[in-house]
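# Breakdown of the fold
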Amino acid sequence: MAALRGLLARPLASYYLLLSSAGLLLLIGLTMVFSATSVKDYAEDGDASASLVRQTVFAVIGIVAFWACQRLPARTFRAIARPFLGVAVVLLLILNLLVALQALFRVKSVGPLEANLLWLWFGPVSVQPVEVAKFALVLWGAHVLARKGAALGWWKELATPLFPVVGLLSVLVGYNDLGSMLCLLALVVGMLWAAGVRRRVFAALSAVGLLGVGLLVAAASLGAGSGSRDADNYRLTRLTSFLDPPDPKTCFEEQLEGCYQLVQARYALGHGGWFGVGLGKSTFKWAWLPEAHNDFIFAIIAEELGVVGCTVVLVLFAVLAYTGLRIARRVEDPFRRLAAAGVTAWLVGQAVINIGGVTGLLPLTGVPLPFISDGGSALVVTLAAVGMLASFARAEPDAARALHARPPARWVRLLWAPLPPLPGRRRRPATPPADRGSVPRSRSRREDDQAAARAARRGRTRAGTASERRR
């Protein structure tokens, strides 16, 4: 324990913990994506590494985004927060409009634009607007909360403009993707907690959040998400299956909806045992477990690597959570503190929702596992957010002093990251302006006893008794 405390006391411990945990999760993700998709890819296209190559390309793009974000100062993130949020809202509006046109008028595309529930296609390029919205909300929310400062104790300051924007994003995202909406609420709660908001605000948010979730569950009967007007409410079915899980035999014999994936995931968890059946030897990925490469990839990890592999993944996410909160506690800038808390709540909360749904501890919501699930937009945005955390980790007071005390070589700073600003630096006070004549009557100081005392205080000296000096 003494050795561990010594390692954690080093100036750049947060930075290296962040790099190691995120890097190992990314490596595990690429390995498991290949393991979960190789059989299906070979059976369909004759190329077992098709999904791996695609995910590797997105990983390289994400690493470039990580490199770019860790080089940016905090003022740049604050400057791009508002336009970035505007881009996210526009993408969500376009996505929802195209989905509505497809449902009502059978319009599949408008020019090069095409929508598929959660994905927006610009010709051959696809993007998930909800992933952009998560990062944008972190930047904009941290900027707004840091600017308000101590005024957050008033309801009016929280009600404008934070809550309306969060409500708009929750409606635009939650109508099609309830799980991602819960991730948005988790990152908002993380930022408000880091800002020191009163507990009554969290109670009110919890009540409004539960009401919103109930409305979105009911909206699935009207076609929200992947539902339809004529089909059963799939969100309500998932919730009832969680609260009152049916018998597996009944689930298969009667082909009940909402329980097949959960039952198959539990069979995969039990099949793995303590040490798993071996990497690449899963049997449930042979089309027995839907979305084995995406939402249910944790079940494949449990089957192939067992309890040991699951524990490694959970420990890495715990290290990531500890590191993010450590960065939020150590940095001096309020924007950095709030943004670090928001990113940590977002990534860890999404991991908890995914793993809880796969293991049956939470209802199924259909969110991917960060760093590990197959998906390009989510991986790129996640690595960009981790790059911003890395920039904040280098800006910790002890880390900044250590980097300035022994700066790396110039070529390392050019290729990797510049030196962070030293903490505690203050600009010199501006020189008082020259006398411009008499002060207007409306701006002149009131002639009262207090003003006279201040005028006398300017000309006084150290002479006199102690009581006079105290006065």
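Just above, that's the structure.
Presented here is an overview of the structure given in this document. (Residues numbered from 1 in each chain as written. Predicted model: local features only at pLDDT ≥ 70, side-chain atom pairs only at ≥ 80, totals over all residues. Heavy atoms only, no water.)

The next thing to look at is the overall build of the chain. Within the chain, the secondary structure is distributed over 19 helices and 4 strands. Across the chain, contacts joining residues at least 24 apart in sequence account for 67% of those joining residues at least 6 apart. With an accessible surface of roughly 25700 Å², the chain has 63% of that area assigned to carbon and sulfur atoms. (Helix = DSSP H or I, 4+ residues; strand = E, 2+ residues; numbered from the N terminus. Contact = heavy atoms within 4.5 Å. Areas by Shrake-Rupley, 256 points an atom, 1.4 Å probe, with all protein chains shown as cover.)

Another aspect to go through is the state of the cysteines. Inspection of every chain in the model, using the stated rule, returns 1 disulfide. Through a disulfide, C251 is tied to C259; the S-S separation comes to 2.0 Å. Between C251 and C259 the sulfur-sulfur dihedral comes to about 105 degrees; the bridge is accordingly right-handed. Judged on exposure class, the residue C251 and its partner C259 are both buried. (Disulfide = S-S within 2.5 Å. Buried < 20%, exposed > 50% of the residue type's maximum accessible area, 1.4 Å probe, protein only.)

In this model, helix α8 (residues 178–195) (18 residues) spans 26 Å end to end at C-alpha, consistent with the 26 Å of a helix rising 1.5 Å per residue. Listing the buried residues of α8 in full gives L178, G179, S180, M181, C183, L184, L187, V188, G190, M191, L192 and A194. Against α5 (129–148), α6 (155–159), α7 (162–174), α9 (199–219), α10 (234–243) and α14 (334–359) lie the buried residues of α8. By the N-cap criterion, in which a side-chain oxygen at the helix start approaches the backbone nitrogen of a residue two or three places on, α8 is capped by D177, the distance to G179 being 3.4 Å. Within two residues after α8, G196 carries a phi angle of roughly 80 degrees, on the positive side. (Expected span 1.5 Å × (residues − 1). Polar contact = N/O pair within 3.5 Å; in protein donor to acceptor, adjacent residues only side chain to side chain.)

Over its 26 residues, α14 extends 37 Å from the first C-alpha to the last, a length consistent with the 38 Å expected when each residue adds 1.5 Å. Burial within α14 is extensive, with 21 of its 26 residues counted as buried. Once α14 finishes, G360 follows within two positions and takes phi at roughly 85 degrees, a positive value.

To continue, consider the nonpolar core. F317, W346, F371, I372 and M388 are the most contacted members of the largest nonpolar core, which has 114 residues in total. Apart from residues no more than four positions distant in its own chain, M388 is found in contact with C69, F77, F135, V138, L139, A339 and V343. (Core = buried A, V, L, I, M, F, W, Y, C linked by side-chain atoms within 4.5 Å.)

Before going further, it helps to examine the environment of R326. Examined against the element boundaries, R326 turns out to sit in helix α13 (residues 297–330). For the pair R326 and E396, spaced 70 residues apart in the sequence, the C-alpha separation amounts to 9.9 Å. Setting aside its immediate chain neighbours within four residues, R326 contacts L8, R10, A13, S14 and E396. Side-chain polar atoms of R326 contact the side chain of S14, separated by 2.4 Å.

What follows deals with a nonpolar patch on the surface. On the surface, a nonpolar cluster with roughly 560 Å² of combined accessible area is contributed by F252, Y260, Y267, W286 and W288. Summarising the element assignment, W286 is placed in the loop between α12 (260–272) and α13. (Patch = residues over 30% accessible without salt bridge, like charges linked within 9 Å, V, L, I, M, F, W, Y side chains within 5 Å. Salt bridge = Lys/Arg side-chain N within 4 Å of Asp/Glu carboxyl O.)

This part is about unusual backbone geometry. For A287, which is not a glycine, the phi torsion comes out positive at approximately 65 degrees. Classification of A287 as exposed rests on a relative accessible area of 71%. Non-glycine residue E291 carries a positive phi angle of around 55 degrees. Tracing the chain through its elements places E291 in the loop between α12 and α13.

A few words now on the packing of α13 against α14. In the contact formed by α13 and α14, the axes pass within 9 Å of each other and the chain directions differ by 160 degrees. One element, α13, and the other, α14, form an angle in the roughly antiparallel class. Where α13 crosses over α14, the two elements pack in a sense that is left-handed. Along the contact surface, α13 presents F298, A299, L314, F317, L320, A321, G324, L325, I327 and A328, while α14 presents R337, A340, A341, T344, L347, V348, A351, N354, I355, V358 and T359. Looking at the contact of α13 with α14, its residues break down into 16 nonpolar, 4 polar and 1 charged. (Axes fitted to C-alpha atoms, helices over the stretch in contact; angles between N-to-C directions. Parallel < 35°, antiparallel > 145°, perpendicular 65-115°, else oblique. Left-handed = near helix turned anticlockwise from the far one by under 90°. Nonpolar A, V, L, I, M, F, W, Y, C, P; charged D, E, K, R; others polar.)

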